[in-house]
Amino acid sequence: MAGNNVAVNDKQYIVETVQFDRQTSFTLACSPQMKLLPANGGIRWRQYSSRQQQEAEAVMLAQRMSLKHGLYNTGFSGGKIVVNSPLMPSQQPEVIAAIGELLNRYNGTMYTGCDINTSNADMDNLRQHTPWILNAMDSPQVDTSIATGFGVWSSIRKIIALRLQHEAQVVIAIHGMGKVGAEVARQCMAYGCTVVGYDINPNAKYPHGVTRVSEQQLFAMPSHILCIASLSGILNTENVSRINTQWVVSSANSPFNSLNAEKLLAARDIHYLPDYVSNAGAVICDSVEMAFTERYNQMSQDQVNAYVHSVIGAKTEELLNRSQLLNCDVSSLLHPLSSVLTAA
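1. Description of helix H3 (residues 120-127)
Inspection of H3 places Asp122, Met123 and Leu126 among the buried residues, and these make up the whole buried set. Buried residues of H3 fall within an arc of 100° about the axis and therefore sit on the same side. Residues of H3 that are buried in the fold lie against strand E5 (43-46) and helix H2 (93-106).

Written out as structure tokens, the structure is:
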């Protein structure tokens, strides 16, 4: 079991990588603030080309979690677990057990849950080995992915109300039709928006009413809001130069693959609502589950959605109004916060 430190902005994120066998390893990354506030972030399960890429993504994701937790004052700091494996979690119960052992050693200073390619069933398996999980474990009626999608929708709705109120028909383009993207699509259509979508999986299920297009078509066709609901790093300088939209909203953490891609988007006068504003639904759920456990276990999906909607919608409206008064974009408005929290 190897423990390493990765320098970030003159501070140290705690990074520990476990080499489980020849083909599988996992990395836990968390903010040093975990000494004051427990770290929180889900388990992402993918195949990476190198240990360096695996650890870099773990740190990047932990930083984004720090931003969400800080912005919404959840009582947590940022953390993440990234598994590098060609196999799926259901095929590697021993790896799940090893993650549980690692969390037990952190003894309540790191809580985890679902992320890409991990499911509620995987969390049930993990719970056999560790208690340090926040994933609506005792609330089977609640799906935090749906709540995340509802939170993204609440940001989109505020942009429509405050920035696109004169548009006769708002077009939403969604990259990724998993649980979150599909929920965003359903809510947008219920509100009367036209929705087009793309997913890399040819067998992905699109909600009824979504027009299915290719990735190239999604980026090239005119839309009012492009929602990235797939993976981190989707937006690069090449596709950003082709995007034909007015706003980018993201449920994916860190949708840009480089600072240059983000700068190019701004240079093209396309607005960006930072991902950690809109995609914080799951961490808001975790904070309620932690602080109001009994009440959370009694809440329905609709009640959880309404709570997330009220919190993220209010924050989005606040930031849109403040940025308009200061004649700047929301990213610039939040820059002091992001500089502090990603370094802490």
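2. Here's the deal with helix H10 (residues 281-291)
With 8 of 11 residues buried, H10 lies mostly within the body of the structure. Where H10 is buried, its residues touch strand E4 (39-40), helix H1 (51-72), helix H4 (144-163), helix H11 (293-298) and helix H12 (301-326).

3. Focus: the packing of H2 against H3
Running from N to C, H2 and H3 cross one another at 60°; their axes reach a closest spacing of 9 Å. Between H2 and H3, the interaxial angle falls into the category oblique. Crossing of H2 over H3 shows right-handed handedness. Judged by residue contacts, Ile96, Ile99, Gly100 and Leu103 of H2 engage Asp122, Asn125 and Leu126 from H3.

4. Regarding the nonpolar core
Judged by nonpolar contacts, the single largest core of 50 residues is most densely connected at Ile156, Ile172, Ile174 and Ile225. Per-element accounting of this core gives the leading share, 7 residues, to H4. Here Ile174 is in contact with Gly181, Val184, Ala185, Val195, Val196, Gly197, Tyr198, Leu218, Cys227 and Ala229, once residues within four sequence places are set aside.

5. Some points on the pairing of strand E12 (residues 247-250)
Where burial is concerned, the two faces of E12 agree: the one with Trp247 and Val249 and the one with Val248 and Ser250 are both buried. The pairing of strand E11 (residues 225-228) with E12 spans 4 bridges and is classified as parallel. Across the sheet, Ile225 pairs through a bridge with Trp247, a residue of E12. For E12 and strand E13 (residues 271-273), the ladder comprises 3 bridges, and the chain directions are parallel. Bridging from a neighbouring strand, Trp247 pairs with His271 of E13. Following the backbone out of E12, through helix H8 (residues 259-267) and into the adjacent parallel E13, one traces a crossover that is right-handed.

6. Description of the confidence of the model for the chain
The predicted model of the chain averages 93 in pLDDT, with 95% of residues at 70 or higher. Segment residues 1-10 is flagged for pLDDT under 50; beyond a separation of four residues in sequence, or across chains, it makes 33 contacts in the model.

7. Considering the packing of H4 against H10
Between H4 and H10, whose axes approach to 7 Å, the crossing angle comes to 120°. Here H4 is positioned oblique relative to H10, judged by the angle of their axes. Counted together, Thr144, Ala147 and Thr148 of H4 and Gly281, Ala282 and Cys285 of H10 form the full contact between these two elements. Looking at the contact of H4 with H10 residue by residue, the class counts come to 3 nonpolar, 3 polar and no charged.

8. A short note on unusual backbone geometry
Positioned with a positive phi, Asp269 is a non-glycine residue whose angle comes to about 60°. As for its placement among the helices and strands, Asp269 is situated in the loop between H8 and E13. The class of Asp269 is exposed, set by a relative accessible area of 65%. For Asn327, which is not glycine, the phi torsion reads 55° and is therefore positive. Mapped onto the elements, Asn327 comes out in the loop between H12 and helix H13 (330-341).

9. As for the environment of His175
Along the chain, His175 falls in strand E8 (residues 171-175). Residue classification places His175 among the buried positions, given a relative accessible area of 4%. Spatially, the C-alpha atoms of His175 and Leu265 are 17 Å apart, while their sequence positions differ by 90 residues. The residues touching His175, leaving out its near neighbours within four places in the chain, are Tyr198, Glu215, Leu218, Phe219, Cys227, Ile228, Ala229, Ser230 and Ile234. There is a polar contact of 2.7 Å between the side chain of His175 and the side chain of Ser230.

10. As for the packing of aromatic side chains
Scanning the model with the defined rule gives 4 aromatic pairs in all. A ring pair is formed by Phe76 and Tyr111, whose centres lie 6.1 Å apart and whose planes are at 70°; its orientation type is edge-to-face. Of the two residues, Phe76 sits in the loop between H1 and strand E6 (77-84) while Tyr111 sits in strand E7 (residues 110-111), which places them 35 residues apart along the sequence. Look at Phe76 and you get buried, because its relative accessible area is 5%. Seen from their ring centres, Phe256 and Tyr272 are 4.9 Å apart, and the 85° between their planes marks the pair as edge-to-face. Pair noted here: Phe256 is in the loop between E12 and H8 and Tyr272 is in strand E13, with a separation of 16 residues, a long-range link. In this structure, Phe256 and Tyr272 share a single accessibility class: buried.

11. Brief notes about empty space enclosed by the protein
Rolling a probe over the atoms, with the probe sized like a water molecule, indicates the empty space that remains. Enumeration over the complete set of coordinates arrives at 1 cavity of 30 Å³ or more. Lining the largest cavity are Ile284, Cys285, Val288, Tyr296, Met299, Val304, Tyr307 and Val308. When contributions to the lining of the largest cavity are tallied by element, the ones reaching two or more residues are H10 and H12. Here the residues of the lining of the largest cavity sort into 8 nonpolar, no polar and no charged.

The rules behind these values
Residues numbered from 1 in each chain as written. Predicted model: local features only at pLDDT ≥ 70, side-chain atom pairs only at ≥ 80, totals over all residues. Heavy atoms only, no water. Buried < 20%, exposed > 50% of the residue type's maximum accessible area, 1.4 Å probe, protein only. Helix = DSSP H or I, 4+ residues; strand = E, 2+ residues; numbered from the N terminus. Arc of directions from axis to C-beta. Contact = heavy atoms within 4.5 Å. Axes fitted to C-alpha atoms, helices over the stretch in contact; angles between N-to-C directions. Parallel < 35°, antiparallel > 145°, perpendicular 65-115°, else oblique. Left-handed = near helix turned anticlockwise from the far one by under 90°. Core = buried A, V, L, I, M, F, W, Y, C linked by side-chain atoms within 4.5 Å. Pairing = 2+ DSSP bridges. Right-handed = clockwise from strand over helix to strand, strands pointing away. pLDDT = per-residue confidence, 0-100. Nonpolar A, V, L, I, M, F, W, Y, C, P; charged D, E, K, R; others polar. Polar contact = N/O pair within 3.5 Å; in protein donor to acceptor, adjacent residues only side chain to side chain. Phe/Tyr/Trp six-rings, centres within 6.5 Å; stacked < 30°, edge-to-face > 60°. 1 Å grid on protein atoms, 1.4 Å probe; cavity = no way out; pocket = protein on both sides within 12 Å on 5 of 7 lines; lining within 4 Å. Points joined across faces, edges and corners; volume = space filled by probe spheres on them.

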